[in-house]
Amino acid sequence: MNTEHDDRDLVDAFRRSYGRLVDQAPSAGREWPLALTAREMTTRPGVRGWMVAAIAFLLTVAFGLGWLVSPAETSVGSDPFQIQTGTTMTAVPETSGPVYSTPADAAIAYAEAQEPGIEDPQVTRIIGIYADQSLVDLRVQVQADDFCYWYGVTGQVEQEEIEWQGGLAGSCDG
Amino acid sequence: MDDESIFRKNQDDLIRYATVLVGPTRAEDVVSTVVVLRILARKRLQDLDEPRAYLFRAVLNECKTRLSRRRTHLSIGEAGMVPADDPEPDILQAVLELPPQQRAATYLVYWAGMTVVETADLMGIRPGTVKRYLYLARRKLKGVLDEH
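Quick caveat: nothing in here was measured; it's all calculated off a predicted structure.

The rules behind these values
- Residues numbered from 1 in each chain as written.
- Chains lettered and ligands numbered in written order.
- Predicted model: local features only at pLDDT ≥ 70, side-chain atom pairs only at ≥ 80, totals over all residues.
- Pairing = 2+ DSSP bridges.
- Helix = DSSP H or I, 4+ residues; strand = E, 2+ residues; numbered from the N terminus.

Novice: Give me the lowdown on the pairing of strand β7 (residues 147-158) of chain A, citing residues and values where you can.
Specialist: All names here are of chain A. With 10 bridges joining them, strand β6 (residues 135-144) and β7 adopt antiparallel strand pairing. Bridge assignment links Val 142 to a residue of β7, and that residue is Tyr 149. Counting the residues between successive antiparallel strands, the hairpin from β6 to β7 contains two residues, one of them, Asp 145, with a positive phi of roughly 50°. Relative to strand β9 (residues 169-171), β7 runs antiparallel, the two sharing three bridges. Pairing of Tyr 149 across the sheet is with Ser 171, part of β9. In this sheet, strand β8 (residues 161-165) lies alongside β7 in antiparallel orientation, the contact comprising five bridges. Residue pairing for β8: Gly 155 is matched across the bridge by Trp 164. In this structure, the hairpin formed by β7 and β8 is closed by a connection of two residues, where Gln 159 is found at a positive phi of approximately 50°.

Novice: Account for unusual backbone geometry, with residues named and values stated.
Specialist: Positive phi, normally seen in glycine, also occurs at A:Asp120, with a value near 50°. Note that A:Asp120 resides in the loop between α4 (103-114) and β5 (122-132).

These figures capture arrangement, not role.
And the structure:
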C-alpha cells in the first residue's frame, strides 16, 4: 500500500469517526438563554439583569433569607427573554458541600440527593443565567421519566474556572 | 456585529467542536462556561479582532482543562458518546484517545475542511505545528488501521 493511499484511508477514517461524533452533538438552533444573558450584560447593562440582581441584593439584606431572585424565564418558541413576575427562584448558594466542574453535574448530584432512587437524570434545559462579579447563577431543568424539577445552581469563579454547587429545587410545573 | 450576533453565528460550530473534544453531554457546558467567563470579565467579544478564533481557542482550553482533571481518556462507553453498536469502535476509541490539540487539528482539517493555515489561525499556533499534529494523529491511527 503506497503512502498516498494510506493517507486517504486515514483521512476517511477520521472523517467517519468525526461524523459519528458530530451526529451526537446537542441539537442546534434551539433558544439558548445564555446568549440572551450575554446581550443583557454587555449591551444593555442596567436594564433587566442588573435590576433583578439589585432587587435580589436588597431582599437579601432586608430579610436575611438568603438569595431571592426572580429569574428570567425562557422557552422555545415564545418571548425569549421574559421575566415571569409570578414565579420566583429561591437559590441559596451553599457555603459548603461538594463542588462540581459543571452546572449539569451539580444539578444532577443535587437531584440524586433530593430524590434517592431517581434513575438516569438528564439536564434537559438551562432556563436562566445570571452573572455578576465572580458569581454565576443558573436555573437548570433535570428530568428522568416522570420526574422533572428545576434546580438553582451557583457557580463561583476560581482562577478562571467555575466551581458549581447545588441549590434549591422547584417543580417544573410549579 | 454585537456579542449576541457573534455568539449565535458561531454557537453551532462551537458546540460541534466541543462535542468532538469532550463529548456531547459536556459540550454545551463547555461553551456556556467560555461565554460566562467572558461576561464576568466584562470583556466584549465585539471588541476582539477575531472573535471566532478567540471562541475556538477558549473552547479548546476549557476542554483541555476538563480533560486534564479527569486524567483519563474519553471513551466511547461514556453516556451519549456514540451508539453502542458503532461499526468501528476501535478506530473511534483511537481518535478519542488523541490529545485534544491533535483531535482539534484533525477535526478542523479533515472534517471541517479548513486549510492548515486557516486551522493554525483558528488555534493560535503555527502552520508547522498543525502539520505536526496531523502527522502524529495519522501515525497513531495508522497503527490501529493496520491491525484491522
